[in-house]
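Spelled out, the chains give:
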Amino acid sequence: MLGTLQMGQYLHTSGALRHALGEGVRLAKVDPTASTTQIEREVRDELVAIDKDNILSLKATRGTSNGAKYSRIAIRYKLEPMIPLIPVPPITVSEEKTVWLPV
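Not measured: the values here are computed from a predicted model.

What counts as what
Residues numbered from 1 in each chain as written. Predicted model: local features only at pLDDT ≥ 70, side-chain atom pairs only at ≥ 80, totals over all residues. Heavy atoms only, no water. Helix = DSSP H or I, 4+ residues; strand = E, 2+ residues; numbered from the N terminus. Buried < 20%, exposed > 50% of the residue type's maximum accessible area, 1.4 Å probe, protein only. Salt bridge = Lys/Arg side-chain N within 4 Å of Asp/Glu carboxyl O. Phe/Tyr/Trp six-rings, centres within 6.5 Å; stacked < 30°, edge-to-face > 60°.

### Some points on the environment of P84
Argument step 1. With respect to the helices and strands, P84 occurs in the loop between β2 (68-79) and β3 (91-100).
Argument step 2. On the basis of relative accessibility, which here comes to 45%, the residue P84 falls in the partly exposed class.
Argument step 3. Separated by 73 residues in the primary sequence, P84 and L11 place their C-alpha atoms 19 Å from one another.

### Some thoughts on the pattern of salt bridges
Argument step 1. Applying the stated criterion to the full structure yields 4 salt bridges.
Argument step 2. The salt bridge involving E23 is made with R26; its shortest N-O contact spans 3.2 Å. Of the two residues, E23 and R26 both sit in helix α1 (residues 2-30), 3 residues apart, roughly one turn of that helix.
Argument step 3. Salt-bridge contacts for E96 lead to R72; the nearest nitrogen and oxygen are separated by 3.4 Å. Of this pair, E96 sits in strand β3 while R72 sits in strand β2; the two residues are 24 residues apart in sequence, bridging distant segments of the chain.

### A look at the packing of aromatic side chains
Argument step 1. All told, the structure shown has 1 aromatic pair when counted by the stated rule.
Argument step 2. Ring geometry for Y70 against W100: centres 5.8 Å apart, planes inclined by 75°, an arrangement best described as edge-to-face. With Y70 in strand β2 and W100 in strand β3, this pair connects stretches of sequence that are 30 residues apart.
Argument step 3. For W100, a relative accessible area of 48% puts it in the partly exposed group.

Geometry only, nothing functional implied.
Shown next as structure tokens:
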């Protein structure tokens, strides 16, 4: 039963991170003047019901590959296990999204 709850917590966290990254790349796509700092702030603002103190890293980058512009956002999050009485290390949840930007 505890394993099922832990899996649910992991899936909720992963989904929340993917949603926030989606909003960040959406901002990067619709506003080509948005800085990486603004994009990272948008991702943080979209993390609802997630402890923002557990964000291990959040990095937005813009670049060019084969002449096409892109924006990439990656996040790593420390998920504290909810299994009592057993020393279980934190779970690291990583998500990344890339979007090709219009010319």
